[in-house]
Amino acid sequence: MKKRMLAAAVLISGLALGAGPLAQGAQAVEGARVAQGAQAAQGARAFVCVVNDDGVNFRGGPGTEYAVLGQVNRGQQFEYLDQVGDWVKGNLVGGRTGVWIHYSYVNC
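Residues numbered from 1 in each chain as written. Predicted model: local features only at pLDDT ≥ 70, side-chain atom pairs only at ≥ 80, totals over all residues. Heavy atoms only, no water.

## Regarding the overall build of the chain
Using the following cut-off: A run of H or I in DSSP counts as a helix once it spans at least four residues, and a run of E counts as a strand once it spans at least two, with each numbered from the N terminus. Here's how the labels work: a residue is buried when its accessible area is under 20% of the maximum for its type, exposed when over 50%, partly exposed in between, all with a 1.4 Å probe on protein chains only. Two residues form a contact once any of their heavy atoms are found within 4.5 Å.
Scanning the chain from terminus to terminus reveals two helices and seven strands. When the helices and strands of the chain are read in sequence order from the N terminus, they spell out α-α-β-β-β-β-β-β-β. Split into buried and exposed, the 108 residues of the chain put 27% on the buried side. For the chain, long-range pairs separated by at least 24 residues make up 44% of all intrachain contacts whose partners lie at least 6 apart in sequence.

## Considerations on the nonpolar core
Rules: Only buried residues count toward a nonpolar core, which is a set of Ala, Val, Leu, Ile, Met, Phe, Trp, Tyr and Cys residues joined through side-chain atoms within 4.5 Å.
Residues C49, V51, V56, F58, V72, F78, Y80, V88, L92, V99, I101 and V106 constitute the largest nonpolar core, which totals twelve residues. When residues of this core are traced back to their parent elements, those giving at least two are β1 (48-51), β2 (56-59), β4 (77-84), β5 (87-92) and β6 (99-102).

## Topic: the side chain of R59
What counts here: Counted charges follow a simple rule, with Lys and Arg positive, Asp and Glu negative, and His plus the chain ends left uncounted. Any carboxyl oxygen of Asp or Glu that lies within 4 Å of a side-chain nitrogen of Lys or Arg is treated as forming a salt bridge with it. Under this definition, polar contacts are N or O atom pairs within 3.5 Å; protein pairs additionally need one hydrogen-donor-capable and one acceptor-capable atom, and for neighbouring residues in sequence, both atoms have to be side-chain atoms.
Tracing the backbone through its elements, the reader meets R59 in strand β2. Within the buried set, R59 has no salt-bridge partner at all; the shortest N-O distance to an opposite charge, 7.4 Å, is to E65. Within the structure, R59 has its side chain in polar contact with the backbone oxygen of Y66 (distance 2.7 Å). If we skip the residues at most four places from it in the chain, R59 touches T64, Y66, A67, V68, L69, W87, V99 and W100.

## Brief notes about the confidence of the model for the chain
What counts, and what does not: Think of pLDDT as the predictor's per-residue confidence, scored from 0 to 100.
This prediction gives the chain a mean pLDDT of 74; 57% of its residues lie at or above 70. Every residue in residues 5-42 scores below 50 in pLDDT, and together they form 16 contacts with partners more than four places removed in sequence or on other chains.

## With respect to the state of the cysteines
Rule in force here: By disulfide we mean two sulfur atoms from cysteines, separated by a distance within 2.5 Å.
Tallying each qualifying case throughout the model produces one disulfide. Here C49 is linked by a disulfide to C108, with a sulfur-sulfur distance of 2.0 Å. Across the S-S bond of C49 and C108 the torsion is about 105 degrees, and the bridge reads as right-handed. Separated by 59 residues along the polypeptide, C49 in strand β1 and C108 in the segment after β7 (106-107) bring together distant segments of the chain.

## Structural notes on the pairing of β6
Definition in use: Paired strands, in this sense, are two strands between which DSSP finds at least two bridges.
As paired elements, β5 and β6 share four bridges and run antiparallel to each other. Bridged to V88 within β6 is I101. Turn length for the β5-β6 hairpin, with the two strands adjacent in sequence and antiparallel, is six residues, and the turn residue G94 shows positive phi of about 80 degrees.

## Concerning the pattern of salt bridges
Pairing is possible between side chains of opposite charge, provided their charged atoms come close. Taken as a whole and assessed by the stated rule, the structure comprises one salt bridge. Among the ionic pairs, D53 bridges to R74, the shortest N-O distance being 3.7 Å. Here the residue D53 occupies a position in the loop between β1 and β2, and R74 occupies one in the loop between β3 (68-72) and β4, the gap between them amounting to 21 residues. The class for D53 is partly exposed, based on a relative accessible area of 31%.

In structure tokens, the structure reads:
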């Protein structure tokens, strides 16, 4: 999530390079808003995602090369902490902490 916000800010900044002075000012303001939102999200309590399938593996790191620590089913709540590539790190509500699930298996 944080990386997606950062990517959006970078994209907005890049688009500003090809725009006129008036558009650049508006895009700079929007870029600042996106950056402030990302900073606020980092400082705020993590938000909760929900697992969207049954028998979903959670792992010890962000990739299939990491050990499977267990499985969860649809409806399991997952407190979002971080994202690396296509992998989301978080705490299973009422369970293990610091586990990784592929982003396609969680709705945030």
